[in-house]
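What follows is each chain in one-letter form.
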Amino acid sequence: MSLDTVLKQRQHTKLTDSEVALVTQINKQIEKMNVDNISRTKAYQDFYFRNREILWSFLASMVSRNAGWNMVDLHLKEYRQMLTPNARRSIFYTYERANWLIFSDAYPQLLVYEASKNARRPLFYLLKEWKVSAFMELEWNRFWQEQDHGRIDIALIINEQNLIQHPVLEHPEYRKGVFSTLPFWLQERFHFSTVLFPTLEGDLFGISVYGFKKLNKRINVGKKLLQILSNPAYQERFETFALQTEPTGARNDYERYLSQNPRTDHRSILRMVYPIIRHERHDFSDWSLNHPKVEPFFREVRLPKQIHLNDWYEHKRMELSLLAKVKSHLIKKRG
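Residues numbered from 1 in each chain as written. Predicted model: local features only at pLDDT ≥ 70, side-chain atom pairs only at ≥ 80, totals over all residues. Heavy atoms only, no water.

Caption draft 1: Up close: the overall build of the chain. On a plain count of helices and strands, the chain comes out with 15 helices and 2 strands. In the chain, buried positions account for 54% of the 335 residues. For the chain, long-range pairs separated by at least 24 residues make up 74% of all intrachain contacts whose partners lie at least 6 apart in sequence. Accessible area for the chain stands at about 17000 Å²; split by element, carbon and sulfur atoms hold 52% of it. (Helix = DSSP H or I, 4+ residues; strand = E, 2+ residues; numbered from the N terminus. Buried < 20%, exposed > 50% of the residue type's maximum accessible area, 1.4 Å probe, protein only. Contact = heavy atoms within 4.5 Å. Areas by Shrake-Rupley, 256 points an atom, 1.4 Å probe, with all protein chains shown as cover.)

See the structure below:
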């Protein structure tokens, strides 16, 4: 099957009554689970433990946990000292918007795949009902035939990062209010933004995220995180952490397992500090129709030497505290 074939089929396929019923059922699930960061984290995780062959869904759940921790961090003393209320609100909304968009596109893909397994036949032509890219319909059909688990995981990463490039990364409001600000530069410069995979034994694995505005950088980060998550030495430990640790958005979710004393102000939970945000999606353009050369995105990437980050994490906690004190001192001096 080719991209042209997918596009032609999309123009002529009419749904049966049973297919309309399935689409309606999936829409109800999307509406139920795309409420906030916590519900998305649980939805991705539950799907993975029902369908372990789709590792991307476990990656999505663990990255979603990280997004929750980063959202709640914005209420910490250090961030209140460094950022204005408007800046913190903008950063939160950027996290929330990006993750809502990704879920609204990815979760129906996962549920259509699960429905295909139950029906024992591919139903990926239904993805057009959610305006999923033709690229992903092609990749899901390829996966159904070839069972290339590594490729479908990377395809999902490629799709999600292209999906948010225009409506979030290139959106004038976010570009001006978040990605062009001094706080965002400091975050990148000092590598405060990191995706962490914790274990019950108190180990932290992960990588720093920088060059966030660049599509290829984000795709490469996703591929590196997949490598860590699928490492036979760690994967079962990550899964055990996820199964035994309810996501709350608090860093205490994993700090309570560390040998260092967890901070008492890292216990605020996401649903206590943020309201439910209602989103709407207006741009349903298919990124893959204007991006014909996707194969380079499937190339292998190398992990950095340091992926065990306990010492690094403690250092960054102290560095953040020092930076906030310096900012607070300068403000008092000006006053």
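Caption draft 2: The environment of Thr240, seen in detail. One can find Thr240 in helix H12 (residues 235–244). By relative accessible area, which is 28% here, Thr240 ends up partly exposed. The spacing of Thr240 and Thr199 is 41 residues in sequence and 7.5 Å in space, taken between C-alpha atoms.

Caption draft 3: Quick look at the packing of helix H2 (residues 17–33) against helix H6 (residues 85–119). The interhelical angle for the contact between H2 and H6, taken along N-to-C directions, is 135°, at an axis separation of 10 Å. Classified by the angle between their axes, H2 and H6 sit oblique to one another. H2 and H6 meet at a crossing whose hand is right-handed. Side by side, H2 and H6 meet where Leu22, Ile26, Gln29, Ile30 and Met33 of the first sit next to Phe103, Tyr107, Pro108, Leu111, Val112 and Ala115 of the second. Across the contact of H2 with H6, the residue classes break down as 10 nonpolar, 1 polar and no charged. (Axes fitted to C-alpha atoms, helices over the stretch in contact; angles between N-to-C directions. Parallel < 35°, antiparallel > 145°, perpendicular 65-115°, else oblique. Left-handed = near helix turned anticlockwise from the far one by under 90°. Nonpolar A, V, L, I, M, F, W, Y, C, P; charged D, E, K, R; others polar.)

Caption draft 4: Spotlight on the nonpolar core. Ranked by internal contacts, the top residues of the largest apolar core, which has 78 residues, are Ile54, Trp56, Trp140 and Phe197. The element best represented in this core is H6, accounting for 12 residues. Once residues within four sequence positions are removed from consideration, Trp140 is found in contact with Ile54, Gln109, Leu110, Tyr113, Phe124, Leu127, Ile152 and Leu156. The next biggest cluster of nonpolar side chains, apart from the first, holds 14 residues, and it includes Val72, Leu74, Leu76 and Tyr79. (Core = buried A, V, L, I, M, F, W, Y, C linked by side-chain atoms within 4.5 Å.)

Caption draft 5: Quick peek at the packing of aromatic side chains. Following the criterion strictly, the structure yields 21 aromatic pairs and no others. Taking 6.1 Å as the distance between ring centres and 80° as the angle between the ring planes, the aromatic pair formed by Trp140 and Phe143 counts as edge-to-face. Pair noted here: Trp140 and Phe143 are both in helix H7 (residues 134–146), with a separation of 3 residues, about one helical turn. Comparing Trp140 with Phe143 shows no difference in burial state: the two are buried. (Phe/Tyr/Trp six-rings, centres within 6.5 Å; stacked < 30°, edge-to-face > 60°.)

Caption draft 6: Representation of the side chain of Ser104 within the structure. Position of Ser104 relative to the elements: it lies in helix H6. Exposure remark for Ser104: the relative accessible area of 14% places this residue in the buried category. Look past the residues within four positions of Ser104 in its chain and what remains in contact with it is Asn34 and Arg281.

Caption draft 7: Region of interest: H2. Counted at 1.5 Å a residue, the expected span for H2 with its 17 residues is 24 Å, and the 25 Å between its end C-alpha atoms agrees. When H2 is considered as a whole, its buried residues turn out to be Glu19, Leu22, Val23, Ile26, Ile30 and Met33. Down the axis of H2, the sector holding all buried residues measures 100°, keeping them to one side. Looking at H2, the residues exposed on the side facing more than 90 degrees away from the buried face are Asp17, Gln25, Lys28, Glu31 and Lys32. Elements that come into contact with the buried residues of H2 comprise helix H3 (37–50) and H6. (Expected span 1.5 Å × (residues − 1). Arc of directions from axis to C-beta.)

Caption draft 8: Focus on the pattern of salt bridges. Inspection of every chain in the model, using the stated rule, returns 14 salt bridges. When the shortest N-O distance is used, the salt bridge between Glu201 and Arg237 registers 3.2 Å. With Glu201 in the loop between strand S1 (194–198) and strand S2 (204–208) and Arg237 in helix H12, this residue pair connects regions lying 36 residues apart in the sequence. Residue Glu201 is classed as exposed on the basis of its relative accessible area of 52%. According to the relative accessible area criterion, Arg237 is partly exposed, its value standing at 24%. (Salt bridge = Lys/Arg side-chain N within 4 Å of Asp/Glu carboxyl O.)

Caption draft 9: Layout of the pairing of S1. Counting buried positions along S1 yields 5 of 5 residues, so the element is predominantly enclosed. Taking every second residue as pointing to the same face, both faces of S1 are buried, with Thr194, Leu196 and Pro198 on one and Val195 and Phe197 on the other. With 5 bridges joining them, S1 and S2 adopt antiparallel strand pairing. Residue pairing for S2: Phe197 is matched across the bridge by Phe205. (Pairing = 2+ DSSP bridges.)

Caption draft 10: A look at unusual backbone geometry. Positive phi, close to 60°, is recorded for Arg120, a residue that is not glycine. Inspection of the secondary structure assignment puts Arg120 in the loop between H6 and H7. Look at Lys131: it is not a glycine, yet its phi comes out positive at around 60°. Judged by relative accessible area, which is 43%, Lys131 ranks as partly exposed.

In short, the description is geometric, and any link to function would need to be established separately.
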